[in-house]
Amino acid sequence: MHKTPLLDQLESGPFPSFVKDLKRLAPTKPAVNDLLGQLERSYKEKITHWKHGGIVGVLGYGSGIIGRYSDLPDEFPGLEHFHTMRINHPSAWFYTTQALRELFDIWDEHGSGLLNMHGATGDIIFLGTRTEELEPAFQKLTAKGWDIGGSGSAMRSPSCCCGPARCEWSCYDTLEACYQLTQEFQFDLHRPSYPYKYKLKFSGCPNDCVAAVARADMSMIGVWKDDIRIDQSAVEAYMGGELKPKGGGANVDKLDVQADVVDLCPTQCMWLEGKTLKINNRECNHCMHCINMMPQALRPGTDVGCTVLLGSHAPILEGAQMSWVIVPFMRMEEPFDELKELTSNITEWWAEHGKNRERVGELIMRLGMRAFLEAVGLPPVPQTVKTPRANPFFFWHKSDFEAEDAGRKYHTTK
Amino acid sequence: MSERITDIGPPHYSKFLPPVIKENYGKWKYHTIPEPGVLIHVSETGDELISVRVASPRLITTLFARDLCDIADKYCDGYLRFTSRHNVEFLVSDKSKLEGLKAELVQRGLPKGGTGHSVTNIVHTQGWVHCHTPAIDASGIVKAVMDDLFEYFGSHELPAQVRISLACCLNMCGAVHCSDIAICGVHRTPPTIRHEVLRHLCEIPTTIASCPTGAIRPHPDKTLKSVIVNEERCMYCGNCYTMCPALPCFDSEKGGVALLVGGKVSNAKSPPMFSRLAVPYIPNDPPRWPDTVVTIRRILIKYAENALKWERVGEWVERIGWERFFEVCEIPFTFQHIDDYKFQAYDTYRTSMHFKF
Amino acid sequence: MALPKEELVEFIYKLVEAAQGKKQLKAKDLEKMVLKEHPDQPKNDVKYAIKDLIDSGRCVYTYFGGSFVEIPHVEGAAKH
């Protein structure tokens, strides 16, 4: 066993220790012992000892395997190859122990036994195996009904919140939408043919538990168009202190409905009449604050679907972007044809025009929102912008003049 | 190829849902959080599901994961799930098993929490454990920070929920740019060029194309078959090193931690917000990064003391103003805080759910 | 004139072979190069011709900051 005096200092403390855990496995897995050794070296030198590999994979796929090699293979032979396998997770990360044990059996046999539950995109991450183990591991996985996920310039494994499986706020079936879109784009998930990554995330409501607005090129966030459902007797119970705000998730004994809910409504669309809560729903911007505060009194409406937002990514390269509204409301019912078609149209336009490593949000910045909207057949709607432009530098196209000559505005033709 | 199975995608989630979820799918009425780490969802049918949320270090072994399975078999009929922040959730259908589960978690040293107004698990990347471009480790810093903030994981003491995330370099695999507190690894050294190796290992055009800021050019001396780097344009992302191993750009001394604060993704009250630079650089100090830990604690405590009820970190900072934030948190303001990187008309696009039908 | 499947596969293989070591080509680059020579070639043909080359092992996908189609070669980062 390698000596790890620095890492040993991470064994103490109340939060679960990865060092303690890895040390349990090290005696039976030489690769894990070597990983601890190399990590100790990194802690001493304050530098990484990994090299990127770009070629390894399983036959037929260009996704799901990330090549990794130690730059100290003579010292740590167990890390000579230490590739990652991404296993596409089931919607909302629900498991049975039987299914998990099958996965772990495969990984104990063909890999290091180290994993992440889960990676940033959502996949189960198997960390560390040799090139020759990839194909046998893959075949055992598919025999048990599992497949590997996306990586590289491809559709990435879509992910979703727990939705209607365990949440009263979900405005559509995030699990089924995630599953169906994943199935629809299997070819593009495994055979990278896009300019760069394309991530789909499905959140059931504007609380956005999977951070779709920040972490997905295409963000489907649940929304309702009708009235917030109110149980007035429960509102009274909150006023009386019988019910705790946020279901008990805050150290606040009694909710002050006027100060904590009504006064903090960003659109000021609610008020109290005695002990009755009134909402002018037409002016509600569905921020979720009142619903979060009083989960037993308020629920989203029943005329539900999702908003499609597009373009978010981390700061590389033009600076971080959040997704912005492109379709304010889309009905989300099986088989989700409208969303599948929109996704295909967008990825096709982006693949045609995007440069290597250019995310769809950056391409739209480069070519313009009009070019994008026209290409995918979406009309301009005010919900897309926070504010119209402040400059007078706008363009007129031939189509605008033709429409004008025909006595109509261009975009009323759709 | 005929015997190979491909493109089957993930298994359908319905295979993994406990019966109480199958029966109440889409029928949930409300939830309560009777104590930190315990959620009770109540259905229109009157059925209840108890979820017990537990911390996980994200980087785990199959031994640890099998332990989780043993617990789920004993108390949850074999059903469990993971959250988007790497917590484990034990799904208890039989109320009578809750106390036993809680006792066993204590005995195994598995902390429950991460609900409501807590600091929940830190979303993070691989760091020195498995990444080729990190400026910092991930798991070690996360462990050190969570040990220090442990009291806030298992309580609801804070004015609102606090989401901390870590990315080990500015490529931000973890997309941490909308977190209440973001820990981001930063390099500060342009690549050194190993000309004698580069000509054998790397394709010149693809190496040049790898640079996002166009800082790499062919070497004027064509016989060298190498490149030059305009160091002023380099922002140390390491992409060239990904393409070409002859361009190492990391050193032991200059890498470290940057802290960004005030981001959120939820639409509650205020729109989603980006995290903004608070501390541009804290030197690497393994194994426990004490400066980083102390600075994060100071920001969190100042927030907890000064924010109004329900206010997220970013909402608090916006209310008091950034100049006050730097003053209160005793953080010096530097040239690095002033943005001089390109950005576009993008800020006119709506990034929120705040609109009307 | 659109190429029959076998010829299309060989046409694409030659493009990859000619670019090897000079320029890494993405699947989309290959599609654009095919369509330049054979404008009536359905895009789906190109997609499945590349699949054919990958499935047979004559070409592989690589990832170096972007995904490319290349002739299999020894990994630069691996220990030789």
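Each chain has its residues counted from 1, running along the sequence as written. Naming scheme: in the order in which they are written, chains are lettered from A and ligands are numbered from 1. Only residues with pLDDT of at least 70 are given local features in this predicted model, and only at 80 or more are side-chain atom pairs given and counted; all residues enter the totals for whole chains, interfaces and linings. Side-chain measures here rest on the full set of heavy atoms in the structure, leaving out hydrogens and waters.

Colleague: Outline the overall build of chain B, listing residues and values.
Modeller: Each helix corresponds to a stretch of at least 4 residues labelled H or I by DSSP, and each strand to a stretch of at least 2 residues labelled E; elements are numbered beginning at the N terminus. A tally of regular secondary structure across chain B gives 11 helices and 12 strands. Oriented by its inertia axes, the alpha-carbon framework of chain B measures out at about 75 × 65 × 50 Å. Whether a residue is buried, partly exposed or exposed follows from its accessible area with a 1.4 Å probe, protein chains only, as a fraction of its type maximum: under 20%, in between, or over 50%, in that order. Residues classed as buried in chain B amount to 62% of the 357 residues present. Expressed as a percentage of contacts within chain B between residues at least 6 apart in sequence, the contacts between residues at least 24 apart total 66%. Accessible surface is estimated by sampling points in the Shrake-Rupley manner with a 1.4 Å probe; for residues, cover comes only from the protein chains shown. Looking at chain B as shown, the accessible area adds up to about 13,300 Å², and 53% of this sits on carbon and sulfur atoms. Distance from the positive charge centre (40 side chains) to the negative charge centre (40 side chains) of chain B: 3 Å. The contact criterion used throughout is that any non-hydrogen atoms of two residues lie within 4.5 Å. We score Asp and Glu as negative and Lys and Arg as positive, and we do not count His or the chain ends. Every charge is mapped onto a representative atom, which is NZ of Lys, CZ of Arg, CG of Asp or CD of Glu.

Colleague: Give a description of the interface of chain C and chain B that names residues and reports values.
Modeller: Every contact between the two is made by eight residues of chain C and, on the other side, seven residues of chain B. Of the roughly 670 Å² buried where chain C meets chain B, counting both sides, 61% is carbon and sulfur surface. When two parts are brought into contact, each loses some accessible area as probed by a 1.4 Å sphere; the total of that loss over both is the buried area. Considering only the side of chain C, the residues that lose the most area to chain B are Gln24, Asp55 and Phe64 of chain C, jointly responsible for 48% of the buried surface there. A pairing counts as a salt bridge when a side-chain nitrogen of Lys or Arg comes within 4 Å of a carboxyl oxygen of Asp or Glu. Inspection of the region where chain C meets chain B yields zero salt bridges. Each residue is assigned to one class: nonpolar for Ala, Val, Leu, Ile, Met, Phe, Trp, Tyr, Cys and Pro, charged for Asp, Glu, Lys and Arg, and polar for all the others, Gly among them. Of the residues contributing to the side of chain C that touches chain B, the split by class is one nonpolar, four polar and three charged.

Colleague: Please set out the interface of chain A and chain B residue by residue, giving values where relevant.
Modeller: Contacts between chain A and chain B engage 150 residues on the former and 128 residues on the latter. Taken over both partners, the interface formed by chain A and chain B buries close to 12,600 Å², and the fraction arising from carbon and sulfur atoms is 60%. The interface formed by chain A and chain B holds 10 salt bridges in total. For Asp70 of chain B, the salt bridge goes to Arg101 of chain A, with nearest N and O atoms at 2.9 Å. Here a polar contact is taken to be a pair of N or O atoms separated by no more than 3.5 Å, where protein atoms must pair a possible hydrogen donor with a possible acceptor and residues adjacent in sequence count only if both atoms sit in side chains. At the surface where chain A touches chain B, the tally comes to 72 residue pairs in polar contact (both at pLDDT 80 or more). If you tally residues by element for the side of chain A that touches chain B, the top one is helix α4 (residues 97–110) of chain A, at eight residues.

Colleague: Break down the packing of aromatic side chains for me, citing the residues and quoting the values.
Modeller: Any pair of Phe, Tyr and Trp rings, taking the six-membered ring for Trp, is counted once the centres come within 6.5 Å. Such a pair is stacked with planes under 30 degrees apart, edge-to-face with planes over 60 apart, and tilted for the rest. Going through the model one piece at a time under the given rule, you end up with 26 aromatic pairs over all chains. Aromatic rings pair up to connect Tyr303, Trp316, Trp322, Phe325, Phe326 and Phe333 of chain B into one cluster. Only when the NZ of Lys or the CZ of Arg is both within 6 Å of the ring centre and within 35 degrees of the ring normal is a charge said to sit over the ring. Sitting over the face of the ring of Tyr13 of chain C, Arg58 of chain C holds its NZ or CZ atom 4.1 Å from the ring centroid.

Colleague: Describe the layout of surface pockets, listing the residues and the values that go with them.
Modeller: Residues and elements named next belong to chain B. Buried and open spaces are told apart on a 1 Å grid over the protein atoms alone, a cavity being a set of points where a 1.4 Å probe fits but cannot get out and a pocket being an open set with protein on both sides within 12 Å along at least five of seven lines. Residues with an atom within 4 Å of a point are the lining residues. Grid points are joined across faces, edges and corners, and a volume is the space filled by probe spheres set on the points. In this structure, the largest pocket encloses a volume near 1,900 Å³. Counting only elements with at least two residues in the lining of the largest pocket, the list comes to β8 (181–186), β11 (256–261), β12 (276–283), α10 (313–320) and α11 (322–328). Examining the composition of the lining of the largest pocket, we find that four residues originate from one element, β12, more than from any other. The residue inventory of the lining of the largest pocket, partitioned by class, reads 30 nonpolar, 10 polar and eight charged.

Colleague: Can you lay out the confidence of the model for chain C for me, pointing to particular residues and giving the numbers?
Modeller: Summary of the metric used: pLDDT quantifies the predictor's per-residue confidence within the range 0 to 100. Summing up the model confidence of chain C, the mean pLDDT is 92 and the portion of residues at 70 or higher is 98%. What the predictor reports for the complex is a pTM of 0.96 with an ipTM of 0.96.

Colleague: Which residues make up the state of the cysteines, and what values go with them?
Modeller: Residue and element names in this part refer to chain B. The disulfide criterion used throughout: a pair of cysteine sulfur atoms within 2.5 Å. Scanning all chains against the criterion turns up one disulfide over all chains. With its sulfur 2.1 Å from that of its partner, Cys202 forms a disulfide with Cys244. In this structure, the disulfide formed by Cys202 and Cys244 twists by about 75° around the S-S bond and is classed as right-handed. Note that Cys202 is positioned in the loop between α6 (195–201) and α7 (204–209) and Cys244 in the loop between α8 (239–243) and β11, a separation of 42 residues in sequence.

Colleague: Can you explain the packing of helix α13 (residues 337–353) of chain A against helix α15 (residues 369–376) of chain A? Please cite residues and give values.
Modeller: Residue and element names in this part refer to chain A. Where helices are involved, their axes are fitted lines through C-alpha atoms of the stretch in contact, as for all axes, and angles between N-to-C directions lie from 0 to 180°. It is at 9 Å that the axes of α13 and α15 come closest, and there the two elements cross at 130°. The angle between α13 and α15 falls in the class oblique. Handedness of the α13/α15 crossing: right-handed. Here α13 contributes Asn345, Ile346 and Trp349 to the contact with α15, which in turn contributes Ala371, Phe372, Ala375 and Val376. These descriptions rest on fixed angle ranges, namely under 35 degrees for roughly parallel, over 145 for roughly antiparallel, 65 to 115 for roughly perpendicular, and the rest for oblique. By the definition used in this description, the sense in which the near helix is turned from the far one sets the handedness, with an anticlockwise turn below a right angle giving left-handed and a clockwise turn giving right-handed.

Colleague: Give me the lowdown on the nonpolar core, citing residues and values where you can.
Modeller: Among buried residues, those of type Ala, Val, Leu, Ile, Met, Phe, Trp, Tyr and Cys that are joined through side-chain atoms within 4.5 Å constitute a nonpolar core. With 123 residues, the main nonpolar core has Phe202 of chain A together with Phe90 of chain B as its most contacted residues. With residues near it in sequence (within four places) discarded, Phe90 of chain B still touches Ile50, Ser51, Val52, Val54, Leu68, Ile71, Ala72, Cys76, Tyr79, Leu80, Leu101 and Leu105 of chain B. One finds Phe15, Leu25 and Leu114 of chain A together with Val257 of chain B within the second-largest nonpolar core, a separate group that totals 69 residues.

Colleague: Residues and numbers for empty space enclosed by the protein, please.
Modeller: To find leftover empty space, one rolls a probe the size of a water molecule over the atoms. Applying the stated criterion to the full structure yields eight cavities of 30 Å³ or more. In this structure, the second largest cavity spans a volume of roughly 120 Å³.

Colleague: Please set out the pattern of salt bridges residue by residue, giving values where relevant.
Modeller: A full pass over the atoms with the stated rule returns 50 salt bridges over all chains. Residue Glu48 of chain B pairs with Lys95 of chain B through a salt bridge whose shortest N-O separation is 3.4 Å. Of the two residues, Glu48 of chain B is situated in strand β3 (residues 48–54) and Lys95 of chain B in the loop between β6 (88–92) and α3 (98–108); the sequence distance between them amounts to 47 residues. Accessibility expressed as a relative area gives 29% for Glu48 of chain B, which makes it partly exposed. For Lys95 of chain B, a relative accessible area of 54% puts it in the exposed group. Across the pair Glu99 of chain B and Lys102 of chain B runs a salt bridge whose closest N-O atoms are separated by 3.2 Å. Of this pair, Glu99 of chain B and Lys102 of chain B both sit in helix α3, three residues apart, roughly one helical turn. Shared partners join several salt bridges into a network, and the residues in it are Arg166 of chain A together with Arg53, Arg81 and Glu89 of chain B.

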